[in-house]
Amino acid sequence: MENRNLDKALELASKLIVGEEVSHNGQNVALYEAYNTNSEVYDILHMFLKKMNLKLYEYNYSLFVCSGENNRVFGYTNEELKRIIGVRVNKELFLCYFIIYNIIMAFYNDSNNFNYAEYTKIEDVIALVDASMLRILDKSEALIVDELDENSFKAFALLWEELLPLSADDAAMRAAKNSKAGYVKMVFNFLISQNLFVEIEERYYPKDRFKAMAENYFNDFKGRLHEILSEGGNADATD
């Protein structure tokens, strides 16, 4: 192993970890080229990131990293996410997770099916969450694995159902817990802070970082909820 290749791989890892752009025509072009043309740099980077429980994604000639499951150093705990998003209890956080899942579904149905939507809006996400809730409740027998699982879903499903689509203050689409629109706005504010979306005139456009993570989500973290939502084929999953 050449020291210069080790140095280059570690420099590349450090740039990715702090969120710098690494692409073929933007910042850190030389590091991107080293990753693509030097097999030793490639191997060292993948080995290092695996040891750090980080996942490397490629999209549109760019590299991105995100934390792996249960990564206590580079990821967020539930308590940290509650504080960042602006919620207090688990059912509110789980509802935010579910909203994020449906935002992904606004653009992707599976790893081979990109909807090619340019953007989404708060009202579009509300409609997706409403439809997803109905599909899961219709298959409630599939969710009853144990008492904790059933009650956890019921808690945030009931919370969502109790919310009005818009509150009296939602003309300005404020982030708040007093309406469905307010919850979705809170989630989008979080996604923007993570460099995943950009907002332009109440339209939310996904950035390449989001696209890289979303396209790989279905391969890495399909999970039980996605299987329930997708049960019955593609037509059911895209209603």
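Quick caveat, the model's predicted, so the values are computed rather than measured.

### Comments concerning the packing of aromatic side chains
Inspection of the entire model under this criterion finds 10 aromatic pairs. Both rings, one in Y119 and one in Y205, keep their centres 5.3 Å apart while their planes meet at 50°; by these two values the pair is tilted. Taken together, the positions of Y119 in the loop between strand 5 (113-114) and helix 6 (122-138) and Y205 in strand 7 (residues 203-206) put the pair 86 residues apart, joining distant regions of the chain. Exposure remark for Y119: the relative accessible area of 27% places this residue in the partly exposed category. Residues F188 and F197 carry aromatic rings whose centres are separated by 5.4 Å and whose planes lie at 75° to one another, so their mutual orientation is edge-to-face. A single burial state applies to F188 and to F197, both of which are buried. Pairwise contacts between aromatic rings join F107, F188, F197, Y204 and F210 into one cluster.

### Description of the pairing of strand 7
The side chains of a regular strand alternate between the sheet's two faces. Where strand 6 (residues 197-200) lies against strand 7, 4 bridges are found, and the strand directions are antiparallel. Residue I200 lies in a different strand from strand 7, and its bridge partner there is R203. A loop of 2 residues connects strand 6 with strand 7, the two strands running antiparallel in sequence, and E201 in this loop sits at a positive phi of about 50°.

### Examining the sheet that holds strand 3 (residues 62-67)
Read from one edge of the open sheet, 3 strands run 1-3-2, paired in antiparallel fashion. The open sheet is flanked by strand 1 (22-23) and strand 2 (54-59), the only strands paired with a single partner. By the bridge criterion, 2 bridges tie strand 1 to strand 3 in an arrangement that is antiparallel. Across the sheet, the residue bridging to V22 is L63, located in strand 3. Strands in contact with helix 1 (residues 3-17) are strand 1, strand 2 and strand 3; relative to strand 3, the strand with the most contacts, it is inclined by about 70°.

### Re the environment of L128
Turning to its location among the elements, L128 is positioned in helix 6. With 26 residues separating them along the chain, L128 and N102 place their C-alpha atoms 6.2 Å apart. If near-sequence neighbours (up to four positions away) are discounted, L128 is found in contact with N102 and A106.

### Comments concerning unusual backbone geometry
Phi is positive for N53, close to 55°, though the residue is something other than glycine. Here N53 is to be found in the loop between helix 3 (39-51) and strand 2. Even without being a glycine, E201 presents a positive backbone phi close to 50°. Take E201: its relative accessible area is 74%, and that puts it in the exposed class.

What counts as what
- Residues numbered from 1 in each chain as written.
- Predicted model: local features only at pLDDT ≥ 70, side-chain atom pairs only at ≥ 80, totals over all residues.
- Heavy atoms only, no water.
- Phe/Tyr/Trp six-rings, centres within 6.5 Å; stacked < 30°, edge-to-face > 60°.
- Helix = DSSP H or I, 4+ residues; strand = E, 2+ residues; numbered from the N terminus.
- Buried < 20%, exposed > 50% of the residue type's maximum accessible area, 1.4 Å probe, protein only.
- Pairing = 2+ DSSP bridges.
- Contact = heavy atoms within 4.5 Å.
- Axes fitted to C-alpha atoms, helices over the stretch in contact; angles between N-to-C directions.

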